[in-house]
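# Chains, contacts and geometry: an overview
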Amino acid sequence: MGKYTKQDIMSLVREHDVKFIRLQFTDILGSLKNVAITDKQLEKALSNECMFDGSSIEGFVRIEESDMRLHPDIDTFDIYPWHPEHNRVARIICNVYRPDGTPFAGDPRNVLIRALDRAKSMGYSFNVGPECEFFLFHTDEEGKPTTKTHDSAGYFDLGPVDLGENARRDMCLALEDLGFEIEASHHEVAPGQHEIDFKYAEALKAADNIMTFKLAVKTIAKRHGLHATFMPKPVFGIAGSGMHVNMSLFKDGKNAFYDPENELGLSQTAYQFIAGVLAHVKGMTALTNPLVNSYKRLVPGYEAPVYVAWSAQNRSPLIRIPSARGNSTRVELRNPDPSCNPYLVLAAVLTAGLDGIEKQMTPPPSVDANIYDMTEAERIASGVTDLPGSLMEAVEAMQNDPLIRQALGEHVFEKFVTAKAMEWEHYRTRVHQWEIDRYLAQY
């Protein structure tokens, strides 16, 4: 049974003086979209009668098949805490459907729902806890973002060195008003870099939470005269921002990754899930790291994982097994960055893990030495390979992995590949400042 009924939503809107409702959805590239309605149109929207032009949304449909219908998930109703107490604004996250009542294959939320249905058919539920990092930068006199940081703090520093402390505190309070359980917030390694961790949730809710989190962080930062960015590597020479993804499967109310009899406390299911993710991780890297800029973060020397390996002992491999056991046993995938579309990433990772379970895959031996200190020959001897080194390499790996196509569906797969190939071509053919600085005078 859901959290709300339609009548509950109508009552909450009246009681809290809500005048505008944003019907939100996400496009294929991970951008949040919405159709705003007034409270007078709410009953119509709750009856799935709100239409929009899908041809205007990145990666959706052509103009001749543009009509799309929004189906609100009423359990996602929330009132935004950063608007005034009168004429308030609320949101409901929606699934996108075709006019004939069938789920739209290009809706990322529907992609994740399909993957979760497959897990359910195998008896599993999928829990996810993300760790989202971001930068806070100054804006210029026109309000445009810069890469000038407003503090010189480092890992776990606090005010008065951490000048973003007030903004981060207000972000946490706003997120709590939206129902988040904040587990930790702190300054990260780089100047101007921050992290706010919130409690794990079932995967669909976790993906919704990531999208809400990014909106809240950006909104509160702006109110402090700052710009929050989830760009993976905005500044050369310092750490980039990641979004580590902690995952666990539950079956019959118990953590399916835990086995107290195993040396590492991991079940056969956990090993198979790890093996599946490792087998397909190169094919999903274009999803976990979807920007040209993402690959400026995935370089040795800045703690970001670039090597395909796993370990329960150290943080240098791609997959880490945190020390907690029992119901807290989990697998941490460390290469995703916060520019990704969480619905597509979680669908791909879950599908890869389930593939490992179905095929009873065995992962390679764990690599417990610091991979960053190993020579290339030592890495080769240990069976450690590299993630794709550029967006185009990642797109090619994606095209070579049929499972990722299956996980996304034909529509999303083709639209995503086309968009990313175009992004790479735009980047490849531009002349960048580094080239001007390096070559103009010399040649």
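Details of the structure are given in the entry above.
A quick note: this is a predicted structure, and the numbers were derived from the prediction, not measured. (Residues numbered from 1 in each chain as written. Predicted model: local features only at pLDDT ≥ 70, side-chain atom pairs only at ≥ 80, totals over all residues. Heavy atoms only, no water.)

Counting secondary structure elements, the chain contains 13 helices and 19 strands. Compactness check: the chain gives a C-alpha radius of gyration of 22 Å against a globular reference of 22 Å for 443 residues, within 12% of the reference. With respect to the principal axes defined by its C-alpha atoms, the chain has extents near 65 × 60 × 45 Å. In the chain, once contacts between residues fewer than 6 apart in sequence are set aside, the share between residues at least 24 apart is 70%. Element-wise, carbon and sulfur atoms account for 50% of the exposed surface of the chain, whose accessible area totals about 20100 Å². Side-chain charges of the chain comprise 46 positive and 61 negative groups, with the mean position of each set lying 3 Å from the other. (Helix = DSSP H or I, 4+ residues; strand = E, 2+ residues; numbered from the N terminus. Rg over C-alpha atoms; globule rule 2.2 N^0.38 Å. Contact = heavy atoms within 4.5 Å. Areas by Shrake-Rupley, 256 points an atom, 1.4 Å probe, with all protein chains shown as cover. Lys, Arg positive; Asp, Glu negative; His and termini not counted. Charge placed at Lys NZ, Arg CZ, Asp CG, Glu CD.)

All right, on to the packing of helix α6 (residues 268–288) against helix α8 (residues 342–358) then. In a packed pair of helices, the relevant descriptors are the angle between the two axes and the axis-to-axis distance. Running from N to C, α6 and α8 point in directions that differ by 140°, and their axes come no closer than 6 Å. Relative to α8, α6 is oriented oblique. Where α6 crosses over α8, the two elements pack in a sense that is right-handed. Where α6 abuts α8, its residues T269, Q272, F273, G276, V277, H280, M284, L287 and T288 lie against L344, V345, A348, V349, L350, A352, G353, L354, D355, G356 and I357. Tallied by class, the residues present in the contact of α6 with α8 amount to twelve nonpolar, seven polar and one charged. (Axes fitted to C-alpha atoms, helices over the stretch in contact; angles between N-to-C directions. Parallel < 35°, antiparallel > 145°, perpendicular 65-115°, else oblique. Left-handed = near helix turned anticlockwise from the far one by under 90°. Nonpolar A, V, L, I, M, F, W, Y, C, P; charged D, E, K, R; others polar.)

Moving on: α6. With 21 residues, α6 extends only 26 Å from end C-alpha to end C-alpha; this falls clearly short of the ideal 30 Å at 1.5 Å per step. Along α6, the helix axis deviates most sharply at V281, where the bend reaches about 70°. Extensive coverage of α6 is indicated by the burial of 18 of its 21 residues. (Expected span 1.5 Å × (residues − 1). Bend = angle between axes of the 7 residues up to and from the residue. Buried < 20%, exposed > 50% of the residue type's maximum accessible area, 1.4 Å probe, protein only.)

The final tally for this structure, using the stated rule, is 14 aromatic pairs. Judged by centre distance (6.4 Å) and plane angle (45°), the rings of F126 and F273 are tilted. Here F273 lies in helix α6 and F126 lies in strand β7 (residues 125–139), a separation of 147 residues in the sequence. Its relative accessible area of 1% is what places F126 among the buried residues. Where W424 meets Y427, the ring centres are 5.5 Å apart and the plane angle is 45°; that geometry is what we call tilted. (Phe/Tyr/Trp six-rings, centres within 6.5 Å; stacked < 30°, edge-to-face > 60°.)

Closest axis-to-axis distance for the helix α10 (residues 391–399)/helix α12 (residues 410–429) pair is 9 Å, and the angle between their directions is 155°. For the element pair α10 / α12, the angle class is roughly antiparallel. When you trace α10 past α12, the crossing you get is left-handed. Residues L391, M392, V395, M398 and Q399 of α10 form the contact with α12, whose participating residues are F413, F416, V417, K420, A421, E423 and W424.

Attention shifts here to the pattern of salt bridges. In the structure shown here, the tally under the stated rule is 15 salt bridges. In this structure, R109 engages D73 in a salt bridge whose closest nitrogen and oxygen atoms are separated by 2.9 Å. Within this pair, whereas R109 is found in helix α3 (residues 108–121), its partner D73 is found in the loop between β4 (67–72) and β5 (78–79), the two being separated by 36 residues in sequence. A salt bridge links R91 to D78; the shortest N-O distance between them is 3.6 Å. Here R91 is found in strand β6 (residues 88–97), whereas its partner D78 is found in strand β5, with 13 residues between them in sequence. (Salt bridge = Lys/Arg side-chain N within 4 Å of Asp/Glu carboxyl O.)

Let us now look at the side chain of T212. As for its placement among the helices and strands, T212 is situated in helix α5 (residues 203–223). Engagement of the side chain of T212 in a polar contact is seen with the side chain of R91, the distance being 2.7 Å. Setting aside its immediate chain neighbours within four residues, T212 contacts R91, I93, L178 and F180. (Polar contact = N/O pair within 3.5 Å; in protein donor to acceptor, adjacent residues only side chain to side chain.)

Within the secondary structure, P103 is located in the loop between β6 and α3. A sequence separation of 210 residues divides P103 from Q313, and the C-alpha atoms of the two residues are 43 Å apart. Residues within four places of P103 in sequence aside, it is in contact with V96, Y97 and N110.

Here four bridges tie strand β3 (residues 50–53) to β4, and the two strands are oriented antiparallel to one another. Bridging across to β4, M51 finds its partner in R69. Alignment of β4 against β6, held across four bridges, turns out to be antiparallel. Bridge pairing in β6 links P72 to C94. (Pairing = 2+ DSSP bridges.)

A few words now on the state of the cysteines. Per the stated rule, a full pass over the model turns up zero disulfides. Free cysteine: C94, not disulfide-bonded; nearest cysteine sulfur from C50 at 7.4 Å. The thiol of C172 is not disulfide-bonded; the next cysteine sulfur, from C132, is found 12 Å away. (Disulfide = S-S within 2.5 Å.)

Now for unusual backbone geometry. In most cases, non-glycine residues show a negative phi, while peptide bonds are predominantly trans. The phi dihedral of D17 is positive, around 55°, even though this residue is not glycine. Mapped onto the fold, D17 is located in the loop between α1 (6–15) and β1 (18–26). Despite not being glycine, Q360 shows a phi value in the positive range, around 50°. Along the chain, the position of Q360 falls in the loop between α8 and α9 (376–381).

With eight of nine residues buried, strand β13 (residues 243–251) is to be regarded as a mostly interior element. Sheet topology note: the β7/β13 ladder contains eight bridges and is antiparallel. The residue bridging G129 from the neighbouring strand is N246, located in β13. Pairing analysis gives three bridges linking β13 to strand β18 (residues 331–333), with the strands arranged antiparallel. Residue V245 lies in a different strand from β18, and its bridge partner there is L333. As defined by bridge partners, β13 adjoins strand β14 (residues 254–255) across two bridges and the pair is classed as antiparallel.

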